[in-house]
Amino acid sequence: MRIAISTGGGDAPGLNAVIRAAVLSAINRGWEVLGIKRGFAGLMGEDEVVPLTKDSVRGIAHLGGTILRTTNRGNPFHYPRKIADGTIVEEDRSDELIENAKGLGIDALISIGGDGSLTIAKLLCDKGMKIVGVPKTIDNDVSGTITTFGFDTAVNTALEAIDKLHTTAESHDRVIVLEVMGRDSGFIALHSGVAGTADVILIPEIPYDINKVCDKIMSRDRAGRHFSIVVVAEGAYPLGGMVSLIGDSLPGQARRLGGLCEPIAREIQRITGKETRSLVLGHLQRGGMPTGYDRLLATRFGGSAVRAVAARQWGHMVALQSPHIVAIPIEAALREPKRVDPTHDVVLTARETGISFGD
Ligand code: F6P
């Protein structure tokens, strides 16, 4: 048996722990393992395919990033190509990818990725490739699994920032607006904001009214709490308004959300008269050592993915359905993206402990 492993989409802390667990579990079954570099690009002749041995995965479980590198471009079904006049056209090169995998003698692929890579994996499965998926994203927006690895680390990074912002905001009687990642889901903002006792949390699932945000800040001010911490998910948007986009995506890349914390800070300062600062936490949330929780989850996912390959569960992905890891059809996980449920107890508790969602 010869299997391959690839990591696609944005990196997330824990990828190396999945790779390590999958490689060791496979080798201990007597299988051979290949690493596809840079997502599917390695199977399109644009990067390397390397053997993965026990030595290649020694001492990597605690490292952020991915030893296999990754990309959020290069969907084989919409592969970008520059033509003579410089225009970019997209072509379906999935057959070529499948042929290349066959040529390498790959019996099965473990594809570690978020919704983008899992969608590609599903389409390749429909064309006969034997793939097991492993869900990965700091955003926690994949359905069917209670959580994805990388999320806990991102929440802890945001939490550390919120803790640090509290002391400086309080010292200066300032409002500080922190923008965190999450795409169209508010999990990172919600979890870090509640754990970090933020005063306002703005998430895509609950459109906000800036006047309500300012009411909260002013009511704190009247109560002698002259500072406030506002945590904003990059995909949050005002009631009746639109998400904020950073307009420089490259061909084949998803739209980039963000850039809303500075305009929100300006509005808060204008309406409340309180000195307001903002910062974007950005890619710090994707880097660094995975937390113990993420490392364990990633390791369990890696081992479970190999068991799913042994059970020939093609088109399935591993998922945490506590207390077990199960294999579910990728299609079922992709049907609906996971979003914060505004009636969830975390939201209710946040409201009951005085946090405003600006609604
Ligand atoms: O999906 C993970 C994520 O970090 C999102 O939270 C964020 O919107 C996006 O990726 C950023 O992508 P990039 O690294 O391409 O800017």
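Our subject is the structure listed above.
These remarks concern the structure in this document. Owing to the predicted nature of the structure, the values given are computational and were not obtained by experimental measurement. Starting from 1, residues in each chain are numbered consecutively following that chain's sequence as written. Reporting of local features is limited, given that this is a predicted model, to residues whose pLDDT is at least 70; pairs of side-chain atoms are given and counted only at 80 or more, and all residues count toward the totals for whole chains, interfaces and linings. Only hydrogens and water are set aside when side-chain values are computed; all heavy atoms of the structure are taken into account.

Below, the discussion takes up the overall build of the protein chain. What the protein chain contains, in helices and strands, is ten helices and 15 strands. We take the radius of gyration over the C-alpha atoms and set the globule estimate at 2.2 Å times the residue count to the 0.38 power. Its C-alpha radius of gyration of 22 Å places the protein chain within 12% of the 21 Å reference for a compact globule of 359 residues. Counting only C-alpha atoms, the protein chain reaches 70 × 55 × 35 Å along its principal axes. Type-normalised accessible area, obtained with a 1.4 Å probe on protein chains alone, sets the label of each residue: buried when under 20%, exposed when over 50%, and partly exposed for intermediate values. Buried residues in the protein chain amount to 52% of all 359 residues. Residues are treated as being in contact if the distance between any of their heavy atoms lies within 4.5 Å. Taking all contacts inside the protein chain whose residues are at least 6 apart in sequence as the whole, residues at least 24 apart take part in 71%. Methods summary: accessible areas were calculated by the Shrake-Rupley approach with a probe of 1.4 Å, and residue burial reflects only the protein chains presented. Working note: accessible area of the protein chain is about 15,300 Å², and carbon and sulfur atoms make up 51% of it. The numbering of helices and of strands both runs from the N terminus, where a helix is a DSSP run of H or I of at least 4 residues and a strand a run of E of at least 2.

Glancing now at helix α1 (residues 15-28). What a helix should span is 1.5 Å times the count of its residues minus one. Under the 1.5 Å per step criterion, the end-to-end length of α1 is 20 Å for 14 residues, consistent within 8% with the ideal 20 Å. Inspection of α1 places L15, N16, A17, V18, I19, A21, A22, V23 and A26 among the buried residues, and these make up the whole buried set. Against β1 (2-7), β2 (32-36), β6 (108-113), β7 (131-135) and α8 (292-310) lie the buried residues of α1. At the exit of α1 stands G30, carrying a positive phi of roughly 90 degrees.

Moving on to the sheet that holds β1. With respect to topology, seven strands assemble into an open sheet ordered β3-β2-β1-β6-β7-β14-β15, the strand pairing being mixed. Two strands in the sheet have a free side with no partner beyond their single neighbour: β3 (49-51) and β15 (324-329). Across the sheet, the axes of successive neighbouring strands diverge by a mean angle of 30 degrees, strand direction being ignored. Paired strands, as defined in this entry, are two strands with at least two bridges between them according to DSSP. Alignment of strand β14 (residues 316-321) against β15, held across six bridges, turns out to be antiparallel. Residue pairing across strands places Q321 opposite H324, the latter belonging to β15. For every element, the axis is a line fit to its C-alpha atoms; helices are fit only across the contacting stretch, and the angle between N-to-C directions ranges from 0 to 180 degrees. Where α1 meets the sheet, its contacts fall on β1, β2, β6 and β7, and the angle it forms with β1 comes to roughly 180 degrees. Contacts from helix α3 (residues 115-126) reach β6, β7 and β14, with the element oriented near 165 degrees to β7.

Close to the ligand lie N72, I138, D139, M181, G182, R183, E234, R256, H283 and R286, which account for all nearby residues. Pairing of N or O atoms within 3.5 Å defines a polar contact, subject to two protein rules: one partner must be a possible hydrogen donor and the other a possible acceptor, and residues neighboring in sequence count only if both atoms are side-chain atoms. In the model, an oxygen atom of the ligand is placed 2.8 Å from a nitrogen or oxygen of the R286 side chain. About the coverage of the ligand: the protein hides 81% of its 400 Å² of free accessible area. Charged residues are taken to be Asp, Glu, Lys and Arg, nonpolar residues to be Ala, Val, Leu, Ile, Met, Phe, Trp, Tyr, Cys and Pro, and polar residues to be all remaining types, Gly included. Class assignment of the residues belonging to the shell around the ligand gives a composition of two nonpolar, three polar and five charged. These domain boundaries are the output of an automatic or database domain assignment. Of the domains in this structure, domain 1 (2-149 + 290-322) and domain 2 (151-286 + 341-352) are the two that each give at least three residues to the shell around the ligand. One heavy atom within 4 Å of a molecule or strand makes the whole residue count as near it.

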